[in-house]
Amino acid sequence: MKTAATAPFKALYESESAEIQRRFTEDGDGRACASSRSALVDRITAGIFVDHATEPDGFCLIALGGYGRAQLFPWSDIDLLFLSADSSMEARCQPAVSAIVQELWDLNLKLGQTSRTPSECGKLHRDNL
């Protein structure tokens, strides 16, 4: 179910994606295309985060993978880490995480997301290096 808040972001995503595609077709610069797409997704994700993060102290959103390196290819997934100061903050922010993820899905963006605390980030997961 699309929210009214998604509409401006959808229009921005569609128009800017078309412009990135046009520039790529014109000059063939894949690095510029990946960088531009990363910047576009940053603007959209940051805007949606600000709309929903009611407790910004102790809660942040971090780009990972190719997206985090500003190398987001056209059909790559968007890897996100929702980082909360502690488990109680993580629980309080879960509705915001759900709303953010839903809006990004409504834009037809393919997501890979996880929620963690700093202590969880410091644990070694041998099966998931």
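Residues numbered from 1 in each chain as written. Predicted model: local features only at pLDDT ≥ 70, side-chain atom pairs only at ≥ 80, totals over all residues. Heavy atoms only, no water.

Visitor: Provide a residue-level description of the overall build of the protein, including the pertinent values.
Guide: Within the protein, the regular secondary structure consists of five helices and three strands. In the protein, the order of α-helices and β-strands from amino to carboxyl end is α-α-β-α-β-α-β-α. Overall size of the protein, expressed as C-alpha extent along the three principal axes, is 50 × 40 × 25 Å. Counting over 129 residues, the protein shows a buried share of 30%. By sequence separation, contacts in the protein at least 24 residues apart represent 70% of the contacts at least 6 residues apart. Total accessible area on the protein stands at roughly 7,700 Å², and carbon and sulfur atoms take up 55% of it. One way to put it: in the protein the 13 positive side-chain charges average out to a point 5 Å from where the 18 negative ones average out. (Helix = DSSP H or I, 4+ residues; strand = E, 2+ residues; numbered from the N terminus. Buried < 20%, exposed > 50% of the residue type's maximum accessible area, 1.4 Å probe, protein only. Contact = heavy atoms within 4.5 Å. Areas by Shrake-Rupley, 256 points an atom, 1.4 Å probe, with all protein chains shown as cover. Lys, Arg positive; Asp, Glu negative; His and termini not counted. Charge placed at Lys NZ, Arg CZ, Asp CG, Glu CD.)

Visitor: Help me get a handle on the packing of helix H2 (residues 30–52) against helix H4 (residues 87–106), residues and values and all.
Guide: When two helices pack together, their arrangement is given by the angle between their axes and by how far apart the axes lie. The interhelical angle for the contact between H2 and H4, taken along N-to-C directions, is 145°, at an axis separation of 9 Å. Where H2 crosses over H4, the handedness of that crossing is right-handed. Contacts from Ile44, Thr45, Ile48, Phe49 and His52 in H2 reach Ala96, Ala99, Ile100, Glu103 and Leu104 in H4. Along the lines of polarity and charge, the residues of the contact of H2 with H4 split into seven nonpolar, two polar and one charged. (Axes fitted to C-alpha atoms, helices over the stretch in contact; angles between N-to-C directions. Left-handed = near helix turned anticlockwise from the far one by under 90°. Nonpolar A, V, L, I, M, F, W, Y, C, P; charged D, E, K, R; others polar.)

Visitor: Just give me the short version of the state of the cysteines, but keep the residues and values in it.
Guide: A full pass over the atoms with the stated rule returns zero disulfides. A disulfide-free cysteine, cysteine 60 has its sulfur positioned 9.0 Å from the sulfur of cysteine 121, the nearest such atom. (Disulfide = S-S within 2.5 Å.)

Visitor: Please give an account of unusual backbone geometry that cites residues and values.
Guide: Phi at alanine 70 is positive, roughly 60°, even though this residue is not glycine. For alanine 70, the position within the fold is in the loop between helix H3 (65–68) and strand E2 (78–84).

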